[in-house]
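# Observations on the model geometry
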Amino acid sequence: MANVKDGIHAASCVRWEEALHISEALITGSAARAMITGDIKEEMRDLNVVVPHKNFNILEDFLTRTMGYSWISVSCHPSMTGVVKHFAKYVGDSHFITVGCPKRDVHVLHLILNAPSTADMVYMTTGGVTQFYPQWMQQGVAIHSRTGDLVPLDTKLG
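First things first, this report covers the structure right here in the doc.

Cut-offs used in this document
For every chain, the first residue of its written sequence is number 1, and the numbers climb from 1 along that sequence. Reporting of local features is limited, given that this is a predicted model, to residues whose pLDDT is at least 70; pairs of side-chain atoms are given and counted only at 80 or more, and all residues count toward the totals for whole chains, interfaces and linings. Only hydrogens and water are set aside; all other atoms, that is, all heavy atoms of the structure, feed into the side-chain values. Under the DSSP-based scheme used, a helix requires at least four consecutive residues in state H or I and a strand at least two consecutive residues in state E, with every element numbered from the N terminus. A simple rule labels every residue: compare its accessible area, found with a 1.4 Å probe on the protein chains alone, to the largest value its type can have, and call it buried under 20%, exposed over 50%, or partly exposed in between. Taken from the helix axis, the directions to the C-beta atoms give the arc we talk about. Salt bridges, as used here, are contacts in which a Lys or Arg side-chain nitrogen is within 4 Å of a carboxyl oxygen on Asp or Glu. Among the buried residues, those of types Ala, Val, Leu, Ile, Met, Phe, Trp, Tyr and Cys that are joined through side-chain atoms within 4.5 Å form a nonpolar core. Only heavy atoms matter for contacts: two residues are in contact if any of them lie within 4.5 Å across the pair. Pairs of strands are assigned from DSSP output, requiring at least two bridges between the strands.

### Topic: unusual backbone geometry
For residues that are not glycine, phi is negative in most cases, and the peptide bond is trans in most cases. Within the chain, D93 stands out as a residue other than glycine whose phi angle is a positive 50 degrees. Counting through the fold element by element, D93 comes out in the loop between β4 (84-92) and β5 (95-102). Within the chain, D105 stands out as a residue other than glycine whose phi angle is a positive 70 degrees. With respect to the helices, strands and loops of the structure, D105 is situated in the loop between β5 and α5 (109-113).

What follows is the structure in C-alpha cells.
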C-alpha cells in the first residue's frame, strides 16, 4: 500500500488510512492487483475504491476537503450501472481516485464480482487482501465475466 500512499500524499498517509478504515473502503482494480503481485512497472496514477452505501459521503468529504481532490465525473462504466448507486471520479496532483458504492441493500462485494474479468476480482482493506482466484492471478490467467464484453480491450473502467 506504500506505493499508493506515496502517490497520493506522503504527509497525509495516516489520515488516508483512517479515512479508508472509517468508511469501510475496499481498494480494488489494477492498483490492488499490482500491489499484490508486485508487478509495478510505472507509477500508479489511479485508484479504485468501493464503499458501503452509507459511507460514500465520508470518503467524498475526505477526498475533497482534506486531500484537496476535485470532482470530475459521476458517470460509471455501463458494465457497472446495474449495481452502482453513487459513483464519482476525483483528480488531484495528476492522480485519479474513483469511488463507487452499491445500490441500497447490495453488498459492496457485488461491485467487485461485477468486474469485467477475474483479474479485477481482488480487493484490499486497511487490514488485509483478498483474491477470488489466487492461482489464476499467479499464472496470469483471467477469464471474462458476464460484463466483460462491455469493456473494449485496452480500456479501463474508471
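### A short note on helix α3 (residues 30-37)
Helical periodicity: at 3.6 residues per turn, an α-helix aligns residues three or four positions apart in one direction. Within the span of α3, buried status applies to A31, A32, A34 and M35. What you see down the axis of α3 is that its buried residues fit within an arc of 165 degrees, all on one side. Positive backbone phi, approximately 80 degrees, marks G38, located one or two places after α3.

### Focus on the pattern of salt bridges
Where charged atoms of side chains with opposite charge meet at close range, the side chains can pair. Applying the stated rule across the entire model yields one salt bridge. Across the salt bridge formed by K54 and E24, the nearest N and O atoms sit 3.6 Å from each other. Linking K54 in the loop between β2 (46-50) and α4 (56-66) with E24 in the loop between α2 (13-22) and β1 (26-28), this pair joins segments that are 30 residues apart in sequence.

### Considerations on the nonpolar core
Membership of the largest hydrophobic core comes to 24 residues, with the highest contact counts inside it found for W16, V49, V51, L59, L63, I97 and V99. Elements that contribute at least two residues to this core include exactly α2, α3, β2, α4, β4 and β5. Counting residues in each nonpolar core, the second largest holds 10 residues, with V50, V84, F87 and V108 among its members.

### As for the environment of T81
Considering the arrangement of structural elements, one finds T81 in the loop between β3 (70-73) and β4. Sequence separation between T81 and N114 is 33 residues, and the spatial gap between their C-alpha atoms is 9.9 Å. Excluding its chain neighbours within four sequence positions, the residues that come into contact with T81 are C76 and K103.

### Observations concerning the pairing of β5
Extensive coverage of β5 is indicated by the burial of seven of its eight residues. As defined by bridge partners, β2 adjoins β5 across five bridges and the pair is classed as parallel. Of the residues in β5, the one forming a bridge with D46 is F96. Note that β4 and β5 share eight bridges and pair antiparallel. Residue pairing for β5: Y90 is matched across the bridge by I97. Where β4 folds back onto β5 in an antiparallel hairpin, the turn is made up of two residues, including D93, whose phi is positive at roughly 50 degrees.

### Quick notes on the pairing of β4
Bridge count between β3 and β4: three bridges; the pairing is antiparallel. When the bridges of β4 are listed, S70 appears paired with V91.

### Details of the environment of S75
For S75, the location among the structural elements is in the loop between β3 and β4. Placed 13 residues apart in sequence, S75 and A88 show a C-alpha to C-alpha distance of 7.0 Å.

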